[in-house]
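Structural description and commentary
Listed below are the residues making up each chain.
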Amino acid sequence: MEYRFLGKSGLKVSELALGTMTFGREASKEESFKMLDLYASEGGNFIDTANVYSNGKSEEIVGEWLRGKDREDFVVATKVRFPVGQGPNRAGLSRKHILWSVEQSLRRLNTDYLDLYQFHAWDDFTPLEESLSTMTELVEAGKVRYVGVSNFTGWQLQRAVDVTKELGLQPIVSIQPLYNLLDRYLELEVLPVAQREGVGVIPWSPLRGGWLTGKYRRGMQAPPEDTRIGIAEKFGWSESWSRYNNERTWKVVDRLLEVSKEVGREPSQVALRWLLQRAGVTAPIVGARNVQQLKVNLGAAGWVLESKYVDLLTEVSEPELFYPYDFVRNAQRRR
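Residues numbered from 1 in each chain as written. Predicted model: local features only at pLDDT ≥ 70, side-chain atom pairs only at ≥ 80, totals over all residues. Heavy atoms only, no water.

This part takes up the side chain of Ser-268. The residue Ser-268 is located in helix α10 (residues 267-276) in this model. Each residue touching Ser-268, except ones within four places of it in the same chain, is listed here: Leu-207, Leu-212, Thr-213, Val-296 and Asn-297. (Helix = DSSP H or I, 4+ residues; strand = E, 2+ residues; numbered from the N terminus. Contact = heavy atoms within 4.5 Å.)

Below, the structure is given as structure tokens:
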């Protein structure tokens, strides 16, 4: 496993982060422990969770696993924003909710500090200055080391960066967005802002819930019920079959399978490798339901996908642009 600096910070993280959203949901505590053991044995040090994953159970599992480990060997990241109760102040990015939430996360994670504390999404109802100044207070108190955001638009990320500069607050070191071969719209604005401002990109759902693993192929009429896509269709999750069962998806999958065969790698490893080699990307977040899935995904580390294959995948997955992005692109071509 190679290591990369997270944004402009001096923090080194492994090139693949371990996502723990499945912990306590699709994966039992015992299976989660096995995945954490495997990840650590392969040199992984970047563990990502959130206070809402499995209603806090994910954080608890990670915290229990950390007991007896050298805490300094791991970069532990979690998030705050979404509802964790019924009260009017049990959600959002207010000072009250952030200060309460960080204590709950620290307790569940069995740690004195968080390496990376992230806004899980934008909050329209709380002044950004309030949220970011609270994060700075947590850094100064030693409870948080670095500040990040997730699921921000381009202008939201730029505004957050600007506010930290204007008020002398802790900088934004990372953004956690949806990014993979099937979802590339962050390249329009989010990625350029991140690259210009030195914000590390740690993409979530790099395999889009299994769409890019080779498990789903052209001609299938429906996903197997026991797969994540089958479950997603039942519960209306964003990676559902009805959302991605279209010609563009199958073109990307077809090309991914062709490239995988040529390079002698699993489709998931090639999809992850393509993402790892995108400019601005620090560490895709890989999740799994079991040890075997994780073992395959970790095979994306430690090698390089030839540029000709990168270009083939980039070309077939190019998203169709809409106004004003199509207008801007065409105008640039007329120079």
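What follows continues from the structure just given.
Right, let's talk about the pairing of strand β5 (residues 75-80) for a bit. Within β5, six of the six residues are buried, which leaves the element mostly enclosed by the surrounding structure. Side chains of β5 alternate between two faces, with Val-75, Ala-77 and Lys-79 and Val-76, Thr-78 and Val-80 buried alike. The sheet contact formed by strand β4 (residues 46-48) and β5 spans three bridges and is parallel. Residue pairing in the sheet places Asp-48 in a bridge with Ala-77 of β5. Assessed by its sense of winding, the connection that carries the chain from β4 through helix α2 (residues 57-66) to β5 is right-handed. Following the chain from β5 across helix α3 (residues 95-109) to the adjacent parallel strand β6 (residues 114-119), one finds a crossover that is right-handed. (Buried < 20%, exposed > 50% of the residue type's maximum accessible area, 1.4 Å probe, protein only. Pairing = 2+ DSSP bridges. Right-handed = clockwise from strand over helix to strand, strands pointing away.)

Moving on, we come to the sheet that holds strand β10 (residues 285-286). The strands making up a sheet associate through hydrogen bonds between their backbones, and the pairing can be parallel or antiparallel. The strand order β9-β8-β7-β6-β5-β4-β3-β10 describes an open sheet built from eight strands, whose pairing is parallel. Whereas interior strands pair on both sides, the edge strands pair on one side only; in this sheet they are β9 (200-201) and β10. Relative to β10, strand β3 (residues 17-19) runs parallel, the two sharing two bridges. Looking at the pairing, Leu-18 lines up with Val-286 of β10. Against the sheet, α3 contacts β5, β6 and β7 (144-150), and its axis sits at roughly 140° relative to β6. (Axes fitted to C-alpha atoms, helices over the stretch in contact; angles between N-to-C directions.)

This next bit is on the packing of helix α9 (residues 247-263) against α10. Running from amino to carboxyl end, α9 crosses α10 at an angle of 100°, the nearest separation of the two axes being 9 Å. Taken together, the axes of α9 and α10 are roughly perpendicular relative to one another. Seen from α9, the contacting residues are Leu-256, Leu-257, Val-259, Ser-260 and Val-263; seen from α10, they are Pro-267, Val-270 and Ala-271. Here the residues of the contact of α9 with α10 are counted per class, giving seven nonpolar, one polar and no charged. (Parallel < 35°, antiparallel > 145°, perpendicular 65-115°, else oblique. Nonpolar A, V, L, I, M, F, W, Y, C, P; charged D, E, K, R; others polar.)

Its place among the elements puts Tyr-244 in helix α8 (residues 241-244). Relative accessible area serves as the criterion here: at 5%, Tyr-244 is assigned to the buried category. Sequence separation of Tyr-244 and Pro-83 is 161 residues, and the distance between their C-alpha atoms is 28 Å. Once residues lying within four places of it in the same chain are set aside, the contact partners of Tyr-244 are Leu-182, Asp-183, Arg-208, Trp-211, Ser-238, Glu-239 and Thr-249.

On to the environment of Phe-74. Positionally, Phe-74 belongs in the loop between α2 and β5. The class of Phe-74 is buried, set by a relative accessible area of 9%. Distance from Phe-74 to Asn-45, taken between C-alpha atoms, is 4.6 Å for residues 29 residues apart in sequence. When near neighbours in sequence (up to four residues on either side) are disregarded, Phe-74 contacts Ala-40, Gly-44, Asn-45, Ile-47, Trp-65, Leu-66, Lys-69 and Asp-115.

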